[in-house]
Amino acid sequence: MASNSNITLKGLSKILNLSISTISKSLNDSSEISQITKDRVKEVAKLYNYQPNRVAVNLKSGKTKTIGVVLPSIQNYFFNNVLNGIEQTIENTGYNILISITNESHKKEKQHLNSLANGLVDGFIISVAEETQQLKDVEHYKNALALKKPIIMFDRVAEAIESNTVIGNDKQAVYEATSYLKTKGKKHIALVTTLQNLNVGKERYEGYKKALEEFSDEAQLEIVLKTTSPTVESDFKSFLTSNPEIDAIIALDEESSLGAHKMTKELNKQIPKDIALIGYANTKIAEHMSPKLSTINQHGFKIGEIAALQLLHQLSQNVTNKRTIVSSEIIHRQTS
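Residues numbered from 1 in each chain as written. Predicted model: local features only at pLDDT ≥ 70, side-chain atom pairs only at ≥ 80, totals over all residues. Heavy atoms only, no water.

### Here's the deal with the overall build of the protein chain
Selection criterion: Elements are defined by DSSP. Helices are runs of H or I of four residues or more, strands are runs of E of two residues or more, and each kind is numbered from the N terminus. The atom set for the radius of gyration is the C-alpha atoms, and the globule formula is 2.2 Å times the number of residues raised to the power 0.38. Accessibility throughout is a Shrake-Rupley quantity obtained with a 1.4 Å probe, and a residue counts as covered only by protein chains that appear here.
Counting secondary structure elements, the protein chain contains 14 helices and 12 strands. Whereas a compact globule of 336 residues would reach a radius of gyration of roughly 20 Å, the protein chain reaches 26 Å, over 25% beyond that. Overall, the protein chain is about 85 × 40 × 30 Å in size when its C-alpha atoms are taken along their principal axes. Accessible area for the protein chain stands at about 17,100 Å²; split by element, carbon and sulfur atoms hold 49% of it.

Given below as structure tokens:
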């Protein structure tokens, strides 16, 4: 009876009384070996649960068949959606995924990238950490590219690096949300964000600003709360109390969206009669809130699919760097 443990080529050689070279060629369907021998080798290999040594195969080919996915966070719904898109696209391609989480740390991102680029992965799919965007230190990206490791950046990008990027139309999405609320008669639309240090947050703010300027006949001043994830609820409560004229809110991230929804209700404001709300949040969460939260859908799964396909394409052939924009859409529920 065959053992449950994997057998090696050397073990198969002893059982079959054939050279390791003959067995290897048989398993790879070499034309140098007769069909009878190949069938016999494959039958015994299957019987003894033979699995090829991936490390040896990779060393011989110079490829790891592994893709490094570097994320700022795994708790964020958007990054989870992107990861699902990557995983389903990579599935059945022969590639594996190695996931690293930076927790918004430049130091961790640098360590992960440098170690993975040194022979552990063939290429990267990355969303840049907050500290990296603030410091503008991108030497670790340059080092990876110098080692011929292609990089696909999504959502948060390092503009100084020439690479494929897959991003959302952040400015346009918030512009459309703000314009929509204006057409519904809202006079004092506030913006709440924890993303003020990131390119995506700045782009979303520009969309808000542009919409207000186009409705300049109403002369609305900007009403903006820049907060942090740990203090978003208490900051928002003070913000809303200090600005009682607010009749609509656009929240630019999940923490801001959930915090604004919760605290608006705690302050006995009726949604959307007193204050309308559009935010960014997981569809399942949004639909289970009361009232159901209107959200801007970034199509994270699609972004992950595109990023993975672009990296696979780059790994198979040299291609020109390009920028792909995935359009977001407003999903109107009860809060708007």
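Still more ground to cover, so stick around.
### Quick notes on unusual backbone geometry
A cis geometry characterises the amide bond from Ile271 onward to Pro272, with omega recorded as 5°. Looking at where Pro272 falls in the secondary structure, it is placed in the loop between α12 (254-266) and β9 (276-279). The omega torsion across Ser290 and Pro291 is -5°, close enough to zero to call that bond cis. Structurally, Pro291 is set in the loop between α13 (283-288) and β10 (294-297). A positive phi angle, near 55°, is found at Asp29, a position not held by glycine. Locating Asp29 in the fold gives a position in the loop between α2 (20-27) and α3 (35-47). The backbone phi angle of Lys148 is positive, close to 65°, even though this residue is not glycine. Considering the arrangement of structural elements, one finds Lys148 in the loop between α8 (139-146) and β4 (151-154).

### Side note on a negative patch on the surface
To keep things clear, this is the line we draw: Patch membership requires over 30% relative accessible area and the absence of a salt bridge. Like charges are linked within 9 Å, and nonpolar side chains (Val, Leu, Ile, Met, Phe, Trp, Tyr) within 5 Å. Should a side-chain nitrogen of Lys or Arg be within 4 Å of a carboxyl oxygen of Asp or Glu, the pair is scored as a salt bridge. When charges are counted, neither His nor the chain ends are considered; positive counts come from Lys and Arg and negative counts from Asp and Glu. For charged residues, the charge sits on one atom: NZ in Lys, CZ in Arg, CG in Asp, CD in Glu. Accessible area is worked out with a 1.4 Å probe on protein chains only. A residue is then buried under 20% of its type maximum, exposed over 50%, and partly exposed in between.
A cluster of like negative charges, contributed by Glu203, Glu206, Glu213, Glu214 and Glu222, occupies part of the molecular surface. Along the chain, Glu206 falls in helix α10 (residues 199-214). You can call Glu206 partly exposed: its relative accessible area is 31%.

### Notes on the packing of helix α1 (residues 9-16) against α2
Rule in force here: Convention adopted: a line fitted to C-alpha atoms gives each axis, helices being fitted over their contacting stretch, and angles between N-to-C directions are expressed from 0 to 180 degrees. Each angle gets one of four labels, with under 35 degrees taken as roughly parallel, over 145 as roughly antiparallel, 65 to 115 as roughly perpendicular, and the rest as oblique. Here, residues are in contact when the closest pair of their heavy atoms is within 4.5 Å.
α2 packs onto α1 with a crossing angle of 105° between their chain directions and a minimal axis gap of 9 Å. On the basis of their axis angle, the class for α1 and α2 is roughly perpendicular. For the pair α1 and α2, contact is made by Leu9, Lys10, Leu12, Ser13 and Leu16 and by Ile20, Ile23 and Leu27, respectively.

### Remarks on the pattern of salt bridges
Evaluated as defined, the whole model comprises 7 salt bridges. Of the charged contacts, one joins Glu233 and Lys262 as a salt bridge, the two residues approaching to 3.3 Å between their closest N and O atoms. Of the two residues, Glu233 sits in helix α11 (residues 232-242) while Lys262 sits in helix α12, which places them 29 residues apart along the sequence.

### Looking at α11
We apply this condition: Arc definition: it is the arc formed by the directions from the helix axis to the C-beta atoms.
Among the residues of α11, Val232, Phe236, Phe239 and Leu240 are the ones counted as buried. What you see down the axis of α11 is that its buried residues fit within an arc of 95°, all on one side. Turned more than 90 degrees from where α11 packs its buried face, Thr241 and Ser242 sit exposed. In this structure, the buried residues of α11 make contact with β6 (189-193), β7 (223-226), β8 (248-251) and α12.

### What about the pairing of strand β1 (residues 66-71)?
Quick note on the threshold: Here, a strand pair is defined by DSSP locating no fewer than two bridges between the strands. Crossovers are described as right-handed under a simple rule: with the strands pointing away from the observer, the path leading from the first strand over the helix to the second runs clockwise.
Of all 6 residues in β1, 6 are buried; the element is thus mostly enclosed. In β1, alternate side chains face the same way, and those of Thr66, Gly68 and Val70 on one face and Ile67, Val69 and Leu71 on the other are all buried. For β1 and strand β2 (residues 96-101), the ladder comprises 6 bridges, and the chain directions are parallel. From the neighbouring strand, Val69 faces β2, where its bridge partner is Ile99. In this fold, β1 hands off to helix α5 (residues 77-90), which returns the chain to β2; that crossover is right-handed. The sheet contact formed by β1 and strand β3 (residues 123-126) spans 4 bridges and is parallel. Along β3, the bridge assignment pairs Val70 with Ile126.

### So, the side chain of His140
Its location among the elements puts His140 in helix α8. Those residues in contact with His140, other than ones at most four positions away along the chain, are His106, Glu109, Lys110, Leu113, Asn114 and Thr132.

### Digging into the nonpolar core
This is how the line gets drawn: We call a set of buried Ala, Val, Leu, Ile, Met, Phe, Trp, Tyr and Cys residues a nonpolar core when their side-chain atoms join them within 4.5 Å.
In this structure, Ile67, Ile125, Phe154, Phe236 and Ile249 are the most contacted members of the largest nonpolar core, which totals 55 residues. Setting aside chain neighbours within four positions, we find Ile249 in contact with Ala190, Val192, Phe236, Ala260, Thr264, Ile275, Ala276, Leu277 and Ile278. Val128, Val138, Ala144 and Met153 belong to the second-largest nonpolar core, a separate cluster that totals 17 residues.

### Quick notes on the environment of Lys187
Relative to the helices and strands, Lys187 is located in the loop between α9 (170-183) and β6. For Lys187, a relative accessible area of 44% translates into the label partly exposed. In this structure the C-alpha to C-alpha distance between Lys187 and Glu159, which are 28 residues apart in sequence, comes to 36 Å.

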